[in-house]
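Below are the chains, spelled out letter by letter.
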Amino acid sequence: MSRVLFCFITFLRYKLEDESKKLVKVGRFFASSQTCSVCGYKNAKTKNLALREWDCPQCGTHHDRD
Ligand SMILES: [Zn+2]
């Protein structure tokens, strides 16, 4: 019984580490895509994080997928 439990915990740890790595990758992707290349404004208040087109509220530049 304890060996089964150990395997289960090991599996959970692997899954959690895998998920956290994915989150870090996603975070980096959005951080780079939501920063204005003209004035350096960081668009942190985006409603839809999957949105790749946005207008910079500081300088008004329209950004689309690059
Ligand atoms: Zn800007």
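All values reported here derive from a predicted model rather than from experimental measurement. (Residues numbered from 1 in each chain as written. Predicted model: local features only at pLDDT ≥ 70, side-chain atom pairs only at ≥ 80, totals over all residues. Heavy atoms only, no water.)

(A) Up close: the overall build of the chain. Each helix and strand in the chain was counted, giving 1 helix and 2 strands. Going residue by residue from the N terminus, the α and β elements of the chain occur as α-β-β. In the chain, buried positions account for 12% of the 66 residues. Counting only contacts in the chain whose residues sit at least 6 apart along the sequence, the fraction spanning at least 24 positions is 5%. For the chain, the computed accessible surface area is about 6000 Å², with 60% contributed by carbon and sulfur atoms. (Helix = DSSP H or I, 4+ residues; strand = E, 2+ residues; numbered from the N terminus. Buried < 20%, exposed > 50% of the residue type's maximum accessible area, 1.4 Å probe, protein only. Contact = heavy atoms within 4.5 Å. Areas by Shrake-Rupley, 256 points an atom, 1.4 Å probe, with all protein chains shown as cover.)

(B) Structural detail: the coordination of the zinc ion. In this structure, Cys36 (SG), Cys39 (SG), Cys56 (SG) and Cys59 (SG) serve as the protein donors to the zinc ion, at separations of 2.2 to 2.4 Å. Geometry at the zinc ion is tetrahedral, judged from the 4 donor atoms that bind it and their angles of 104 to 114° at the metal. In primary sequence terms, the donor set of the zinc ion follows C-x2-C-x16-C-x2-C. For cysteine 56, a relative accessible area of 3% translates into the label buried. (Donors = N, O, S within 2.8 Å, 3.2 Å for Na, K, Ca; no water. Tetrahedral: all angles 85-135°; square planar, octahedral: opposite > 155°, others 65-115°.)

(C) Layout of the confidence of the model for the chain. Residue-level pLDDT values for the chain average 78, and 68% of them are 70 or greater. When pLDDT is averaged over each helix and strand of the chain, the minimum, 76, is found for helix α1 (residues 2-33) and the maximum, 88, for strand β2 (residues 62-63). (pLDDT = per-residue confidence, 0-100.)

(D) Examining the side chain of histidine 63 more closely. Relative to the elements of secondary structure, histidine 63 occurs in strand β2. Not counting residues within four places of it along the chain, the set of residues in contact with histidine 63 comprises Cys36, Ser37, Arg52, Glu53, Trp54 and Cys56.

(E) How the structure looks around the environment of asparagine 43. Topologically, asparagine 43 is positioned in the loop between α1 and β1 (54-55). Of the residues examined, asparagine 43 reaches a relative accessible area of 14% and is grouped as buried. If we ignore the near neighbours within four places in the chain, the residues touching asparagine 43 are Gln34 and Trp54.

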